[in-house]
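# Inside the fold
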Amino acid sequence: MRKAKKIKGLLIDLDGTVYRGKSPIKGAKAFIEKLITSQTPFLFLTNNSMRSHQEVQAFLEKEHHILVDPERVYSSVDALVYALKDAYHQVNHQQAAYIIGSEILKKSVSDLGFELRTNIDQQIDLVVVGLNQSVFYDQLAQAAIAVQRGADFYLTNPDIQFPDERGFVPGAGSLGRMISEVSRTRPMVCGKPEKLIMSGALAKLGLQVDEVAMLGDNLTTDILAANRMDMPAILIETGVHHKEDLEHFSGRPDYIVKDYEELGKLWQEISDFT
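Residues numbered from 1 in each chain as written. Predicted model: local features only at pLDDT ≥ 70, side-chain atom pairs only at ≥ 80, totals over all residues. Heavy atoms only, no water.

Under an unreviewed UniProt entry, the name given to the protein chain is HAD-IIA family hydrolase, and the source organism is Aerococcus urinae.

Shown next as structure tokens:
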């Protein structure tokens, strides 16, 4: 197992790592404050395509008293924008997009220069699917048809489900899988565990892959994403997975810590900052 040497930056998962819903995780706030004080480059990495940077910042401040700049947030929407800038270089005003997702997702694509359309009888160059908790059958049908007609197909994140107070409910990945099965086309996936979100975050930090570690609680998203990039990975046992889960999942952390007390000790050993 490869061990990291002198880490300069950190990518940090949110739910299950920094907090559990509205419940704080002991030590997380103090650790983040230490990163800020030591001027360590870091980003919060999230698959959530529903919240803007400002909304994430407001949630952290209101519910967990964690004060950070909104630019510390890097989401699957940011990864999508990063990918589209690379794929389209320069968007002309004739290029149109059909989007299923949040208002922040729609605005982000529109800001790149795409015309947003709700009728696929017109030319559609791009289909983007994110989580929409009020989606209609016709929207899914139109997206599938547009992809069959040749539109590029992007999915914000592959999460099939996520929890609410009643149980598990469909995530963006469920909507994307439906359209993919119907159109027989695989989407370009932006969020964890795919490389795209990691590459975009590294570009924003301005650091190399071996200079940054991924901190997360989920072997199948956070840790696997780091593995695919050959990035040092730290599993913190405050959320979904623990070391006994290693035999059941493919994600392989370089380090495992029980909590933020252990993380603090590890961080002193592996980072450029103390």
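## Quick look at the overall build of the protein chain
When helices and strands are counted, the protein chain shows nine helices and 15 strands. Against the compact-globule benchmark of 19 Å for 274 residues, the protein chain has a radius of gyration of 19 Å, which places it among compact chains. Across its three principal directions, the C-alpha atoms of the protein chain cover 60 × 40 × 40 Å. With an accessible surface of roughly 13,700 Å², the protein chain has 49% of that area assigned to carbon and sulfur atoms. The distance from the centre of the 30 positive side-chain charges to the centre of the 37 negative ones in the protein chain is 3 Å. (Helix = DSSP H or I, 4+ residues; strand = E, 2+ residues; numbered from the N terminus. Rg over C-alpha atoms; globule rule 2.2 N^0.38 Å. Areas by Shrake-Rupley, 256 points an atom, 1.4 Å probe, with all protein chains shown as cover. Lys, Arg positive; Asp, Glu negative; His and termini not counted. Charge placed at Lys NZ, Arg CZ, Asp CG, Glu CD.)

## Some words on the environment of Glu103
Along the chain, the position of Glu103 falls in helix α4 (residues 103–111). With 51 residues separating them along the chain, Glu103 and Ser52 place their C-alpha atoms 9.2 Å apart.

## Thoughts on the layout of surface pockets
The space that makes up the largest pocket amounts to roughly 1,300 Å³. Around the largest pocket, the lining comprises 38 residues; the ones closest to its centre are Asp15, Asp159, Gln161, Phe162 and Pro163. Residue assignment for the lining of the largest pocket shows that the elements contributing at least two residues are β2 (19–20), α2 (53–64), β10 (161–164) and α8 (219–229). Its residues assigned to classes, the lining of the largest pocket comprises 14 nonpolar, 15 polar and nine charged. Mapping the lining of the largest pocket onto the domain boundaries places at least three of its residues in each of domain 1 (9–47 + 192–270) and domain 2 (84–189). (1 Å grid on protein atoms, 1.4 Å probe; cavity = no way out; pocket = protein on both sides within 12 Å on 5 of 7 lines; lining within 4 Å. Points joined across faces, edges and corners; volume = space filled by probe spheres on them. Nonpolar A, V, L, I, M, F, W, Y, C, P; charged D, E, K, R; others polar. Domains from an automatic or database assignment.)

## Considering the sheet that holds strand β5 (residues 73–75)
Taken in spatial order, the six strands of this open sheet run β5-β4-β1-β13-β14-β15, and their pairing is parallel. Looking at which strands have only one partner, the edges of the open sheet turn out to be β5 and β15 (255–257). This sheet shows a mean twist of 25 degrees between the axes of neighbouring strands, independent of strand direction. Direction of pairing for strand β4 (residues 42–46) relative to β5: parallel, over a ladder of three bridges. Paired with Leu45 across the two strands is Tyr74, which belongs to β5. (Pairing = 2+ DSSP bridges. Axes fitted to C-alpha atoms, helices over the stretch in contact; angles between N-to-C directions.)

## What about the sheet that holds strand β12 (residues 188–189)?
Pairing within the open sheet is parallel, and its five strands lie in the order β7-β6-β8-β9-β12. What marks the edges here is a single partner per strand, and that holds for β7 (115–116) and β12. Direction of pairing for strand β6 (residues 96–100) relative to β7: parallel, over a ladder of two bridges. Bridge assignment links Ala97 to a residue of β7, and that residue is Leu116.

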